[in-house]
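Architecture and fold: a report
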Amino acid sequence: MRRVFAILVSVLMIMSTMVVNAAPLPIDSPAFVLMEESTGRVLYARNEHERMYPASMSKMLTALVVMEYLHLDDIIIVGPEIRNMPAGFAIGLHVEGEAITVRMLLKALIIRSSNEAGRILAVNVIRQQEGNQNIQYDDTTKRAFSALLMAQARSIDANNSNFNNPYGLHSEQHFSTPYDMALITRAFMQNEALATMAGMQIFEGDGLEGRFHPDGQGRHYSLVNTNLMLPGNIHGHPYIMGARTGFTNAAGHCFAAVAYHNGLSLVSVVMGGNDIERWQDTRQLIDFGFHNFSFREIMYDEQLLSTVPIENPRLGDAYMLDIISSTGHTSLLSHWEHEHVTSTITFDSLLLVEDAPYPTLRAPIEDGAVVGSIAYFAEGNLLFEAPVLAGRAVYERTFDSDMDYHLARVFGNIFTSQALPYWFGFIGIAFGIFGLTVAVKVSRRARNYNRYAPEKRRKSRYDNRS
């Protein structure tokens, strides 16, 4: 089994700075941001890090804190915490002494933007945290809950915000930015229970959800969502699934929305505009994101990326090595970026042959070994890096490997035409040896004959006398 020694490195922080090459949108809100939910990449923005007042969008952070400390089925008896609400903040939705579930209070908080629900939930969170059911809502309780709000904000990297009340009452010490609110909105909508509530256009139901509590009675609730961009509403958008509105005189009209379409999830936050602008600007941002961006498969698993030569491989092996990907990768890109994606492969310096005119690797290399890395870029911005692997094993050429190669060719193909060169070679060698042997024997016989033959008598001058 192929072992991968390195894993994909996604560079989301760099990706978050990439902006699509497009004409400016005619957006009137002074500060806004459009973010892709899963990657956190900012697709379009203006003054996204400017401090603004979030108003009732703050209730999303309150709901996240509540989910950390209370259970949805917990029953709460509404107490005096709903008295003395700031002017213009009381909506008279709850009454003192009623019994109501945490789930129903969250629906009132999210759907109807109930400020009293924010107080009721806040004091009960602190009671749960401190283990003291006698705690009342006062400045100490508000500060304790604000500390939880800040801890929750920091946990999702909303670092340029400060929250000092549970519902968004205007204060110089209660501020955020469009970017931070997008992070909070993303976390809020990733909670399935809260996202379901945010997507309810209308809710009708009993505050006790059909249950009984001896210390208080439930009340009937009829809630209409303040989010007018839910599908079917007056400013409805077919892909918006929910989030929160906000308004104070100081904050202006704010709106955070999340929309899903074709596998893309967008978070839009507009702040500081008027009522009409927040709906129109949100529509422009959402449509812009869906029309210009999509997830693209940049690299797939075991994709052939390149082929490189091998220096002096074992006889019989290929001189070229396939370089393959270690994993697949999908990137969020605009159409323009996708057309301009480039890649660069960098090989391990220990495997590279020095002074070669082009990248050449030296043996040995194991099958599936990491031989380098590939980096993908879009318009100069790094998309991601990933290891690249050898597509097969590469063996080093040695004297023993040469002998093995030749013997294998002979004995593996002994009765095929591939063996003819070897047969002719063997026959030639055999004839050579035979001829040499015959020559040696003939030479030896000649020497022996000359050694043992009778010596010829020398003629005398008298032999010819008559």
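Residues numbered from 1 in each chain as written. Predicted model: local features only at pLDDT ≥ 70, side-chain atom pairs only at ≥ 80, totals over all residues. Heavy atoms only, no water.

**Quick look at a nonpolar patch on the surface**
Side chains of Phe399, Met403 and Leu407 sit close together on the surface and give an oily, nonpolar patch of about 320 Å² of accessible area. Mapping Phe399 onto the fold places it in helix 10 (residues 399-412). (Patch = residues over 30% accessible without salt bridge, like charges linked within 9 Å, V, L, I, M, F, W, Y side chains within 5 Å. Areas by Shrake-Rupley, 256 points an atom, 1.4 Å probe, with all protein chains shown as cover. Salt bridge = Lys/Arg side-chain N within 4 Å of Asp/Glu carboxyl O. Helix = DSSP H or I, 4+ residues; strand = E, 2+ residues; numbered from the N terminus.)

**As for the layout of surface pockets**
In this structure, the second largest pocket occupies an estimated 290 Å³ of space. Forming the walls of the second largest pocket are 17 residues, and the residues nearest its centre are Ser56, Lys59, Ser113, Asn115 and Phe247. Here the lining of the second largest pocket takes five residues from strand 8 (residues 240-248), the largest share from any one element. Broken down by class, the residue content of the lining of the second largest pocket amounts to four nonpolar, nine polar and four charged. (1 Å grid on protein atoms, 1.4 Å probe; cavity = no way out; pocket = protein on both sides within 12 Å on 5 of 7 lines; lining within 4 Å. Points joined across faces, edges and corners; volume = space filled by probe spheres on them. Nonpolar A, V, L, I, M, F, W, Y, C, P; charged D, E, K, R; others polar.)

**Some points on the nonpolar core**
Counting residues in each nonpolar core, the largest one holds 70 residues, and the members touching the most others are Leu106, Phe188 and Val269. With residues up to four places along the chain from it excluded, the contact list for Leu106 reads Ala63, Val66, Met67, Leu72, Leu121, Leu194 and Met197. One finds Ile365, Val371, Ile374 and Val388 within the second-largest nonpolar core, a separate group that totals 24 residues. (Core = buried A, V, L, I, M, F, W, Y, C linked by side-chain atoms within 4.5 Å. Buried < 20%, exposed > 50% of the residue type's maximum accessible area, 1.4 Å probe, protein only. Contact = heavy atoms within 4.5 Å.)

**Some words on helix 5 (residues 139-155)**
End to end, helix 5 covers 24 Å across 17 residues, agreeing with the expected 24 Å (1.5 Å per residue, within 8%). Elements in contact with the buried residues of helix 5: helix 2 (59-69) and helix 4 (115-130). Between the side-chain oxygen at the start of helix 5 and the backbone nitrogen of Thr140 there is a gap of 3.1 Å, and the oxygen is on Asp138. Asp157 occupies a position one or two residues after helix 5 and carries a positive phi of about 70°. (Expected span 1.5 Å × (residues − 1). Polar contact = N/O pair within 3.5 Å; in protein donor to acceptor, adjacent residues only side chain to side chain.)

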